[in-house]
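# Coordinate inspection notes
Now for the letters of each chain:
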Amino acid sequence: MDVQGLDWLLVPLHQLVSWGAAGAMVFGGVVPYIPQYRDIRRTQNAEGFSTYVCLVLLVANILRILFWFGRHFESPLLWQSIVMIITMLLMLKLCTEVRVANELNVKRRFFADFDPHHFWHWSSFADYLQCVLAFTGIAGYVTYLSIDSALFVETLGFLAVLTEAMLGVPQLYRNHRYQSTEGMRSRRGTPPAGGTPVTPLMPFESWHCPMCSLLGRLAPGHVRSILPSPALPATF
């Protein structure tokens, strides 16, 4: 049987594999956060998870979506960013609800206070949402004004990849601050399924960002291996 006779089988098979790969690319990045979400919901304790991880991923993926308007890349990567943003908002909502429920007699903090000392440590999920919308609006407006500048578009893409490469830094800082890794899942020390997507950006990114990403994501796992796990302080 020649190859042409197998077209009826190969074509659908190729399409199925393509759909599977696209699905893995879109949803693979959020898989490591599913068990983390379930643990926080089950224990009603979010101390082991740094919400600054959500901040890093929200900024990175918002910038990546804005970069798409200047230079189109594959649709699965665009949908990956959208799914990741939704996931991080859900993580933020859960962590905020758990933290506020565990905090008694603590002054409520709001985004509208514009207090830098309490940035990203507000008392309501609505405040986080306002911050994300404000950042998206400002960044979107600047992108709209500068979309015709190739340098701006490349810089936007570079910042998106560089920001995502720093994903492990917030968790590393938290572990170092408390000298503890309690509540941290070791599988989060590894890159998400599918890794960091590659987009046709500047040559400098081809080696700098993957190296930063590797170091940033392995460091929390290394700290986990050398630190004890004492009880955490009552506040983050």
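Keep in mind it's a predicted model, so treat the numbers as computed, not measured. (Residues numbered from 1 in each chain as written. Predicted model: local features only at pLDDT ≥ 70, side-chain atom pairs only at ≥ 80, totals over all residues. Heavy atoms only, no water.)

## Digging into the nonpolar core
One finds Tyr-33, Ile-40, Phe-49, Leu-57, Leu-58, Met-88 and Trp-120 to be the most contacted residues of the largest nonpolar core, which totals 41 residues. Sorting the residues of this core by element identifies helix H2 (33–43), helix H3 (52–70), helix H4 (75–102), helix H5 (125–146) and helix H6 (150–165) as the ones contributing at least two each. The element best represented in this core is H4, accounting for 12 residues. Apart from residues lying up to four places away in sequence, Met-88 is in contact with Tyr-33, Cys-54, Leu-57 and Leu-58. (Core = buried A, V, L, I, M, F, W, Y, C linked by side-chain atoms within 4.5 Å. Buried < 20%, exposed > 50% of the residue type's maximum accessible area, 1.4 Å probe, protein only. Helix = DSSP H or I, 4+ residues; strand = E, 2+ residues; numbered from the N terminus. Contact = heavy atoms within 4.5 Å.)

## Comments concerning the packing of aromatic side chains
Taken as a whole and judged by the stated rule, the model has nine aromatic pairs. Arranged with centres 6.0 Å apart and planes meeting at 35°, the rings of Phe-119 and Trp-120 form a pair that is tilted. The class of Phe-119 is partly exposed, set by a relative accessible area of 34%. A relative accessible area of 1% places Trp-120 in the buried class. Ring centres of Phe-119 and Trp-122 lie 5.5 Å apart, and the angle between their planes is 85°; this geometry places the pair in the edge-to-face category. On the basis of relative accessibility, which here comes to 3%, the residue Trp-122 falls in the buried class. An aromatic cluster is defined as three or more aromatic residues linked by ring pairs; in this entry it consists of Phe-111, Phe-114, Phe-119, Trp-120, Trp-122 and Tyr-128. (Phe/Tyr/Trp six-rings, centres within 6.5 Å; stacked < 30°, edge-to-face > 60°.)

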